[in-house]
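# Structural overview for review
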Amino acid sequence: MDAFPKFMNNPKNRIHTGSHYVAGLDGFVFDGADGSQIILWTGREAGTAAEHSHPYEEYILTVQGEYILHMDGKKISLTPGQECLIPAETKHYGERIANTRTVHAFGGKRAVRESEFKG
């Protein structure tokens, strides 16, 4: 597969670009009853996110392409099937090559849908 299935890219779940740390991403969010979120990211172009942290853990799974995580002075290359857990409050950022798809799970609310954005 070269894309997430169409039902997973429902426009009602599209993330507002103000919730991104990097341009050039399409993201779709799914909310857990406990306040957690799972986000499906697709980056058609290469890009680098700004360094940031969260007050909750973040889990990353690469589905396609390569996601390079920078954390604790280390550079961690995540290729399809590889995963990583980022502890809460840990400064990090990521790079991706073109045509990378990843799944990110957050222990708290990370993203805002386009329909919820109050800018």
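Refer to the preceding data block for the structure.
Notes on the structure follow. What you are looking at is a predicted structure, and each value in this text was computed from that prediction instead of being measured.

Conventions and cut-offs
Per chain, residues are indexed from 1 in the order of the written sequence. A pLDDT threshold of at least 70 governs which residues receive local features in this predicted model, and a stricter bar of 80 or more applies before side-chain atom pairs are shown or counted, although totals over entire chains, interfaces and linings include all residues. By convention in this description, side-chain values take in all heavy atoms of the structure and omit both hydrogens and water. Only protein atoms enter the 1 Å grid, on which a cavity is a set of points fitting a 1.4 Å probe that cannot get out and a pocket is an open set with protein on both sides within 12 Å along at least 5 of 7 lines, lining residues being those with an atom within 4 Å of a point. Grid points are joined across faces, edges and corners, and a volume is the space filled by probe spheres set on the points. Secondary structure elements follow DSSP: runs of H or I of four or more residues count as helices, runs of E of two or more count as strands, with numbering from the N terminus. For this classification, Asp, Glu, Lys and Arg are treated as charged, while Ala, Val, Leu, Ile, Met, Phe, Trp, Tyr, Cys and Pro are nonpolar and the rest, including Gly, are polar. Side-chain rings of Phe, Tyr and Trp, where Trp is taken by its six-membered ring, are said to pair if the distance between their centres is within 6.5 Å; with planes under 30 degrees apart they count as stacked, over 60 as edge-to-face, and otherwise as tilted. When a residue's accessible area, from a 1.4 Å probe over protein chains only, is under 20% of the maximum for its type it is buried; when over 50% it is exposed; and in between it is partly exposed. Any Lys NZ or Arg CZ found within 6 Å of a ring centre and within 35 degrees of that ring's normal is scored as a charge over the ring. Should DSSP find at least two bridges between two strands, the strands are regarded as paired. Simply put, an axis is a line fit to the C-alpha atoms, just over the touching stretch for a helix, and the angle between two N-to-C directions goes from 0 to 180 degrees. Residues scored as charged are limited to Lys and Arg (positive) and Asp and Glu (negative), so that His and the chain ends carry no count. We count a salt bridge whenever a side-chain nitrogen from Lys or Arg sits within 4 Å of a carboxyl oxygen from Asp or Glu. The definition of a polar contact used here is a pair of N or O atoms within 3.5 Å, where within protein one atom must be able to donate a hydrogen and the other to accept one, and adjacent residues in sequence count solely through side-chain atom pairs.

### Quick notes on empty space enclosed by the protein
Over the atoms, a rolling probe the size of a water molecule traces out where space has been left empty. Taken as a whole, this structure holds 1 cavity of 30 Å³ or more when the rule is applied. One number sums up the size of the largest cavity: a volume of about 230 Å³. As for the largest cavity, its lining consists of 22 residues, of which Leu25, Trp41, Ala49, Tyr67 and His104 are closest to the centre. Sorting the residues of the lining of the largest cavity by element identifies β2 (37-43), β3 (47-48), β8 (92-96) and β9 (100-106) as the ones contributing at least two each. Residue classes in the lining of the largest cavity are distributed as 7 nonpolar, 11 polar and 4 charged.

### Considering the packing of aromatic side chains
Per the stated rule, a full pass over the model turns up 1 aromatic pair. Ring geometry for Tyr56 and Phe106: centres 6.2 Å apart, planes at 90°, overall edge-to-face. Within this pair, whereas Tyr56 is found in the loop between β3 and β4 (58-64), its partner Phe106 is found in strand β9, the two being separated by 50 residues in sequence. For Phe106, a relative accessible area of 3% gives the class buried. In this structure, Arg101 packs its charged tip against the face of Phe4, placed 4.8 Å from the ring centre.

### Topic: the sheet that holds β8
Pairing between sheet strands relies on hydrogen bonds along the backbone, with the strands arranged either parallel or antiparallel. The strand order across the open sheet built from 4 strands is β3-β8-β5-β6, with neighbouring strands paired in antiparallel fashion. Of all strands in the sheet, those with a lone pairing partner are β3 and β6 (74-78), marking the two edges. As paired elements, strand β5 (residues 67-71) and β6 share 5 bridges and run antiparallel to each other. Within β6, the position partnered with His70 by the bridge is Lys75.

### Quick word on the sheet that holds strand β7 (residues 83-86)
Spatially, β1-β2-β9-β4-β7 is the arrangement adopted by the 5 strands of the open sheet, whose pairing is antiparallel. Looking along the sheet, the strands with just one partner apiece sit at the ends: β1 (25-31) and β7. For this sheet, the mean angle separating the axes of adjacent strands, direction not counted, is 20°. Here β2 pairs with β9 via 7 bridges, running antiparallel. Bridge assignment links Gly43 to a residue of β9, and that residue is Thr100.

### Things to note about the side chain of Arg101
With respect to the element layout, Arg101 can be found in strand β9. Buried charge without a partner: Arg101 forms no salt bridge, and the closest opposite charge is Asp2, 5.5 Å away. Of the polar contacts made by the side chain of Arg101, one reaches the backbone oxygen of Met1; its length is 3.3 Å.

### Details of unusual backbone geometry
One non-glycine residue, Asp72, lies in positive phi territory at about 55°. Here Asp72 shows up in the loop between β5 and β6. The exposure class assigned to Asp72 is exposed, which follows from its relative accessible area of 60%. A positive phi is found at Glu89, a non-glycine position, where the angle reads about 65°. Within the element layout of this structure, Glu89 appears in the loop between β7 and β8. Residue class for Glu89 comes out exposed when judged on its relative accessible area of 53%.

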